[in-house]
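Architecture at a glance
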Amino acid sequence: MAEEKKSEKGPGIAARLARPNILELQPYRCARDDYSEGVLLDANENALGPTSVPTNSLDPYDNHLSLERYPDPYQSTLKEKYAAYRGNGLTPANIFCGVGSDEAIDLLMRIFCQPAVDNILITPPSYGMYKVCAKVNDVQVITAPLSKEFDLRVPETLETATSKTKLLFICSPGNPTCKAIPLEEIEKVAASSQYKGVVVVDEAYVDFSDKGSAVTLIEKYPNIVVLQTLSKAFGLAGIRCGFAIGAPDVIQLMNNVKAPYNVNSLTSEVAINAMKSIETLEKNIAVILEQRVVVAAKLSALDFVVQVFPSDSNFLLFRVQGKAKELYKTMADNGVVCRFRGSEIHCSECLRVTIGTEGENKKFLELLVKTWDGL
């Protein structure tokens, strides 16, 4: 019998063998890393509930999904229905279906960026996963910050891009900014001769905005890829289903690179059911937008709130006079969780709050005032 290897003191096998960029990685910190109980207004979920649920298969027993079989690797039915819902002449060939938008972000980097050579360009303050995925893929990140009003600075952004910039991420509506980037500004970037790469427009919150979708630009600009998700307006964060929408040649590469059965049958069924529940979707969006107006007005009336930023999404970003982090932490410890964003550029002393149900919003506002008075 071969002699067992004796354990050696010192670094473990992970530290000795893993890629340096992985060992240096600061993982994405999601809302549930901090709090998982209470009134949760920190993750921009839809508190009104899902637009669809799984079909009841237990009483009576019904294995209509044939769960002993692998799912459709290309989610053909879901793509057909999603293309029909989004319109603009889309076909399944324009749509990649994945595990949330995050899978699409990762695949785009793996497809277009050569490790340790190419870079991506982001426009902070923005979604944190762009940096995390870049680090995992050993891709450099360069930045062209938004203006203090959270507008895209098109000339500065184009000047920042280099010959090695393969992906340029524009989050619209932005997180944490709440603000949608006008389509004409996105078009300026896509049409520019200065930038030769792909323009990735992350539209997780597009259904709460009246500014339109960059999907309308895809036919004209094959260098645009739009990311969308069922996690926000559709209220289906728990099924992890997202889409990349773009030119067929880009989508084909994403299908080629993805894992064979990346979207499971249960997720697919709920997503397809959601496409049949657009009336519920629209009703829920209307309620959230009404409550957004109410919460924004009440925040603006508070003397310790310095600024409430205009919102095109299902959350609000607001600035307080000071002690924002202490305010957030004390509120969370007392059962109402928003999110501290004060460490991001242009967001000093800022908190981000998801628009919840009417009752949740009332609890948030009451505890906000009570906590501030006690600081």
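Structural data are supplied above this passage.
Reference entry: report on the structure contained in this document. For clarity, every value in this text was computed on a predicted model and none was experimentally measured.

Quick notes on the rules
- Residues numbered from 1 in each chain as written.
- Predicted model: local features only at pLDDT ≥ 70, side-chain atom pairs only at ≥ 80, totals over all residues.
- Heavy atoms only, no water.
- Helix = DSSP H or I, 4+ residues; strand = E, 2+ residues; numbered from the N terminus.
- Rg over C-alpha atoms; globule rule 2.2 N^0.38 Å.
- Buried < 20%, exposed > 50% of the residue type's maximum accessible area, 1.4 Å probe, protein only.
- Contact = heavy atoms within 4.5 Å.
- Core = buried A, V, L, I, M, F, W, Y, C linked by side-chain atoms within 4.5 Å.
- Lys, Arg positive; Asp, Glu negative; His and termini not counted.
- Salt bridge = Lys/Arg side-chain N within 4 Å of Asp/Glu carboxyl O.
- Polar contact = N/O pair within 3.5 Å; in protein donor to acceptor, adjacent residues only side chain to side chain.
- Phe/Tyr/Trp six-rings, centres within 6.5 Å; stacked < 30°, edge-to-face > 60°.
- Axes fitted to C-alpha atoms, helices over the stretch in contact; angles between N-to-C directions.
- Parallel < 35°, antiparallel > 145°, perpendicular 65-115°, else oblique.
- Left-handed = near helix turned anticlockwise from the far one by under 90°.
- Nonpolar A, V, L, I, M, F, W, Y, C, P; charged D, E, K, R; others polar.
- Pairing = 2+ DSSP bridges.

**Let's talk about the overall build of the chain**
- Helix and strand counts for the chain come out as 12 helices and 13 strands.
- At 22 Å, the chain has a C-alpha radius of gyration in line with the 21 Å of a compact globule built from 375 residues.
- For the chain, the C-alpha atoms occupy an extent of roughly 65 × 60 × 55 Å along the three principal directions.
- Considering the chain as a whole, with its 375 residues, one finds that 53% of them fall into the buried category.
- Contacts in the chain between residues at least 24 apart in sequence constitute 72% of all its contacts with a sequence separation of at least 6.

**Considering helix α5 (residues 129-136)**
- Considered for burial, the residues of α5 that qualify are M129, Y130, V132, C133 and A134.
- Of the surrounding elements, those touching the buried residues of α5 are α4 (100-112), β3 (119-122), β4 (140-143), β5 (165-171) and β6 (198-202).
- Of the residues flanking the end of α5, it is D138, one or two places downstream, whose phi is positive at about 60°.

**A word on the nonpolar core**
- I224, L230, L299, F318, F364 and L368 are the most contacted members of the largest nonpolar core, which has 89 residues in total.
- The element contributing the most residues to this core is helix α10 (residues 278-300), with seven residues.
- Look past the residues within four positions of F364 in its chain and what remains in contact with it is L41, L299, F318, M331, V336, C338 and V353.
- Core analysis: the next-biggest nonpolar cluster, separate from the first, contains 27 residues, M129, F169, V200 and M254 among them.

**Focus on the side chain of D202**
- Tracing the backbone shows D202 in strand β6.
- Buried and without a salt bridge, D202 has K232 as its closest oppositely charged side chain, separated by 9.2 Å.
- A polar contact is formed between the side chain of D202 and the side chain of Y130, at a distance of 2.7 Å.

**Some words on the packing of aromatic side chains**
- For the coordinates displayed, the defined rule picks out 10 aromatic pairs.
- Plain terms: the ring middles of Y85 and F234 are 6.0 Å apart, the flat faces sit at 80° to each other, and that makes the pair edge-to-face. One end of the pair, Y85, is in helix α3 (residues 76-86); the other, F234, is in the loop between β7 (224-229) and β8 (242-245), and 149 residues separate them in sequence.
- Classification of Y85 as partly exposed rests on a relative accessible area of 28%.
- With centroids separated by 5.1 Å and ring planes inclined at 70°, the aromatic side chains of Y205 and F315 adopt a geometry described as edge-to-face. Of this pair, Y205 sits in the loop between β6 and β7 while F315 sits in strand β10 (residues 315-320), and the two are 110 residues apart along the sequence.
- Of the residues examined, Y205 reaches a relative accessible area of 4% and is grouped as buried.
- Of the aromatic side chains, those joined through ring pairs into one cluster are Y82, Y85, F234 and F243.

**A word on the packing of helix α11 (residues 324-333) against helix α12 (residues 358-374)**
- Where α11 meets α12, the axes come as close as 10 Å, and the angle between the chain directions of the two elements is 120°. Relative to α12, the element α11 lies oblique. Our pair here, α11 against α12, has a crossing hand that is right-handed. Two secondary-structure elements touch here, α11 through L327, T330 and M331 and α12 through F364, L367, L368, T371 and W372.
- The class makeup of the residues in the contact of α11 with α12 is six nonpolar, two polar and no charged.

**A look at the sheet that holds β10**
- The four strands lie next to each other as β9-β10-β13-β12, forming an open sheet whose pairing is antiparallel. Looking along the sheet, the strands with just one partner apiece sit at the ends: β9 (305-308) and β12 (339-340).
- As paired elements, β10 and strand β13 (residues 350-354) share five bridges and run antiparallel to each other. Paired with L317 across the bridge in β13 is R352.
- Sitting on the sheet, α10 touches β9 and β10, and the angle it makes with β10 is about 5°.

**Looking at helix α9 (residues 265-275)**
- In terms of residue burial, α9 counts as a mostly covered element, since 10 of its 11 residues are buried.
- Along α9, the positions that sit buried rather than exposed are S265, T267, S268, E269, V270, A271, I272, N273, A274 and M275.
- Two or three places before L266, at the opening of α9, N264 has a side-chain oxygen 2.9 Å from that residue's backbone nitrogen.

**Focus on the side chain of N361**
- With respect to the helices, strands and loops of the structure, N361 is situated in helix α12.
- Residues within four places of N361 in sequence aside, it is in contact with Q291, V295, T354, I355 and G356.

**Considering the environment of L158**
- Examined against the element boundaries, L158 turns out to sit in helix α6 (residues 154-160).
- For L158, a relative accessible area of 6% puts it in the buried group.
- Measuring from C-alpha to C-alpha, the distance between L158 and L168 comes to 9.6 Å, with 10 residues separating the pair along the chain.
- When residues no more than four places from it in sequence are discounted, the contact partners of L158 are V189, S192, Q194 and Y195.

**Notes on the sheet that holds β6**
- In space, the seven strands of this open sheet follow the order β2-β8-β7-β6-β5-β3-β4, with mixed pairing throughout. Pairing within the sheet leaves two strands with one partner each, and these edge strands are β2 (95-98) and β4. Looking at each pair of strands side by side, their axes are set apart by 25° on average, direction ignored.
- Against the sheet, α4 engages β2, β3, β5, β6, β7 and β8, with an angle of about 155° to β7.
- Here α5 sits on the sheet and contacts β3, β4, β5 and β6; the angle it forms with β3, its principal contact strand, is near 170°.

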